[in-house]
Amino acid sequence: MHTKTMEGLVGARMNIDLVNTPMRVYKEARYKGDTATMERAMGYACEFSDRADEYKVKADEGMKEEAKAAREKEKAEREKAIQKRKEERDKFEENIEERKETDTVEVSEEGKILLKDNRDIDNADSSETKSDIAKEPVTYTKTGEVSQKTEQTAVISISV
């Protein structure tokens, strides 16, 4: 709680409580018909009431300052949270970019020659394999071996 607010509330409450004494004196003087005492008591009561109003104004100012400080604090926390989210997003984007980076491989001249030789061999084998596959479908057992059965009840083709 802001000090102005606290001081204003305490001061106003104390002065309102102090008004009760002169008001009691005023009532007694009224029953007795003592106008001078009544006037003095009302003067004190008005004085305490005016002080209570001054403290009320002080408390209002303190509450306004307190609300302003709370808004500024909330704004600062919001900006801090936005900054934190921005940093997390930047870090996440950096991690994504690191994952996108790929390794490069250089193939030596010997490797290129071997690759060319393997392609030539694969092409020769693949033409034989393609012709074998085209001629006769292959069936596999549960263990993954080629089945020798020539009898087939259904043909299922799976392409990916």
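Above this note sits the structure.
Residues numbered from 1 in each chain as written. Predicted model: local features only at pLDDT ≥ 70, side-chain atom pairs only at ≥ 80, totals over all residues. Heavy atoms only, no water.

Caption draft 1: Molecular detail of helix α1 (residues 3-32). The end-to-end C-alpha distance of α1 is 44 Å, a good match for the 44 Å that 30 residues give at a rise of 1.5 Å each. Taken together, the buried positions of α1 are occupied by Thr 5, Gly 8, Gly 11, Ala 12, Asn 15, Val 19, Pro 22, Tyr 26 and Ala 29. Once α1 ends, the next one or two residues include Gly 33, with phi positive near 85 degrees. (Helix = DSSP H or I, 4+ residues; strand = E, 2+ residues; numbered from the N terminus. Expected span 1.5 Å × (residues − 1). Buried < 20%, exposed > 50% of the residue type's maximum accessible area, 1.4 Å probe, protein only.)

Caption draft 2: Highlighting the packing of aromatic side chains. As enumerated under the stated definition, the model contains 0 aromatic pairs in all. Sitting over the face of the ring of Tyr 31, Arg 30 holds its NZ or CZ atom 5.8 Å from the ring centroid. (Phe/Tyr/Trp six-rings, centres within 6.5 Å; stacked < 30°, edge-to-face > 60°. Lys NZ or Arg CZ within 6 Å of the ring centre and 35° of its normal.)

Caption draft 3: Summary view of a negative patch on the surface. A cluster of acidic residues, Glu 87, Glu 88, Asp 90, Glu 93, Glu 94, Glu 97 and Glu 98, forms a negative patch on the protein surface. Residue position: Asp 90 is located in helix α2 (residues 35-100). A residue is classified by how much of its surface remains accessible, and Asp 90, at 33% relative accessible area, is partly exposed. (Patch = residues over 30% accessible without salt bridge, like charges linked within 9 Å, V, L, I, M, F, W, Y side chains within 5 Å. Areas by Shrake-Rupley, 256 points an atom, 1.4 Å probe, with all protein chains shown as cover. Salt bridge = Lys/Arg side-chain N within 4 Å of Asp/Glu carboxyl O. Lys, Arg positive; Asp, Glu negative; His and termini not counted. Charge placed at Lys NZ, Arg CZ, Asp CG, Glu CD.)

Caption draft 4: Quick look at the pattern of salt bridges. In the structure shown here, the tally under the stated rule is 8 salt bridges. For Glu 7, the salt bridge goes to Lys 58, with nearest N and O atoms at 2.6 Å. With Glu 7 in helix α1 and Lys 58 in helix α2, this pair connects stretches of sequence that are 51 residues apart. Among the residues examined, Lys 58 registers a relative accessible area of 27% and is labelled partly exposed. Overlapping salt bridges bring together Lys 4, Glu 61 and Glu 65 as one network.

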